[in-house]
Amino acid sequence: MCSSSYPSDKGAVSAVGHWKRSLIITGVMLLSGFRPAFGGDIEYKPRVPADSIASVKELVNPASDNGAGRGKEVFLAKGRCYNCHGRSGKGDGPAGAAFNPKTRDFTDPQWQKARTDGEIFWAISNGTEFGMIPFGGMLSEDERWQLVNYIREIGGIPANRAE
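Caption draft 1: Looking closely at the overall build of the chain. The secondary structure content of the chain amounts to 7 helices and 0 strands. Starting at the N terminus, the α and β elements of the chain follow one another as α-α-α-α-α-α-α. Residues classed as buried in the chain amount to 45% of the 163 residues present. Split by element, the accessible area of the chain, about 8900 Å² in all, is 56% carbon and sulfur.

Here's what the structure looks like:
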């Protein structure tokens, strides 16, 4: 079970402030032409640090499979994931166009099979070195797990069954 250090009900004002700061920083990066450059094959490289990957892969998704509908609401509204990942999750959102490597395409079956629910949850919570901001302080733990279920639904893979 994952224990989060982020409060789910408290700190709404600070979460909004964090969201605004993250959005401003992302906007400045995009407007300035920021494009992180990475060499080699990184398409399926784990985003979780090597010293944490084993425990993260073992995380069990506590959200029910029907949490995907609620996850879609987070994806399209509160989390604003569509800005980078596109409305259909193909990585074709307007803000994602500035990223190199390209924003994650959740419809990619190879990526879906390569990632566990725990790895996806970790990336949502902590962000990645490739430009994704952390949403651990903006979304409750339950919302992040529901988002994992929706990402699985986009890719056609049931949550809790990915290997």
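Caption draft 2: Region of the structure containing helix H3 (residues 68-76). Along H3, the residues classified as buried are Ala68, Gly71, Val74 and Phe75. The buried residues of H3 occupy an angular sector of 105° when the element is viewed end-on, so they sit on one face. Among the structural elements, helix H4 (82-85) and helix H7 (141-155) are those in contact with the buried residues of H3.

Caption draft 3: Representation of the packing of aromatic side chains within the structure. A complete count under the given rule lists 4 aromatic pairs for this structure. With centroids separated by 4.1 Å and ring planes inclined at 10°, the aromatic side chains of Phe121 and Trp145 adopt a geometry described as stacked. Residue Phe121 is found in helix H6 (residues 117-126), and its partner Trp145 is found in helix H7; the two are separated by 24 residues along the sequence. Taken as a pair, Phe121 and Trp145 share a single burial class, namely buried.

Caption draft 4: Quick peek at H6. The buried fraction of H6 amounts to 9 of the 10 residues, a majority that puts the element mostly inside the structure. When H6 is considered as a whole, its buried residues turn out to be Asp117, Gly118, Glu119, Ile120, Phe121, Trp122, Ala123, Ile124 and Ser125. For H6, the secondary structure elements touched by its buried residues are helix H2 (53-57), helix H5 (109-114) and H7. Of the residues one or two after H6, Gly127 is the one with positive phi, at around 75°.

Caption draft 5: Quick peek at the nonpolar core. Residues Phe75, Ile124, Leu147 and Ile151 are the most contacted members of the largest nonpolar core, which totals 26 residues. The set of elements that each furnish at least two residues to this core consists of H2, H3, H6 and H7. Ranked by residue count, the leading element in this core is H7, at 6 residues. Beyond its immediate chain neighbours, meaning those up to four positions away, Ile151 contacts Phe106, Trp111, Gln112, Ile120 and Ile124.

Caption draft 6: Broad picture of the packing of H3 against H7. For the pair H3 and H7, interaxial distance at closest approach is 7 Å and the crossing angle is 100°. With respect to their mutual orientation, H3 and H7 come out roughly perpendicular. Contacts from Ala68, Arg70, Gly71, Lys72, Val74 and Phe75 of H3 reach H7 at Asp142, Glu143, Gln146, Leu147, Asn149, Tyr150, Glu153 and Ile154.

Reading guide: rules and limits
Numbers given to residues run from 1 along each chain, matching the order in which its sequence is written. Residues qualify for local features only when their pLDDT is at least 70, as the model is predicted, and side-chain atom pairs are given and counted only at 80 or more; totals for whole chains, interfaces and linings, by contrast, use all residues. To obtain the side-chain values, all non-hydrogen atoms of the structure were included, while hydrogens and water were left out. Runs of E in the DSSP output that reach at least two residues are strands. Runs of H or I that reach at least four are helices, and both are numbered from the N terminus. Three exposure classes are used, based on accessible area relative to the maximum for each residue type with a 1.4 Å probe and protein chains only: buried under 20%, partly exposed in between, and exposed over 50%. Here the open area of atoms and residues is found with the Shrake-Rupley method and a 1.4 Å probe, where only the protein chains shown may cover a residue. Our arc is simply the arc of the directions from the helix axis toward the C-beta atoms. Whether two residues are in contact is decided by their heavy atoms, any of which lying within 4.5 Å being enough. Pairing of aromatic rings covers Phe, Tyr and the six-membered ring of Trp, with a centre-to-centre limit of 6.5 Å; geometry is then stacked below 30 degrees between planes, edge-to-face above 60, and tilted otherwise. Here, nonpolar core refers to any group of buried Ala, Val, Leu, Ile, Met, Phe, Trp, Tyr and Cys residues whose side-chain atoms link them within 4.5 Å. Structural elements are reduced to axes, namely lines fitted to C-alpha atoms, with helices fitted over the stretch in contact, and the angle between N-to-C directions of any two is expressed from 0 to 180 degrees. Relative orientations are named as follows: roughly parallel for angles under 35 degrees, roughly antiparallel for angles over 145 degrees, roughly perpendicular for angles from 65 to 115 degrees, and oblique for any other angle.

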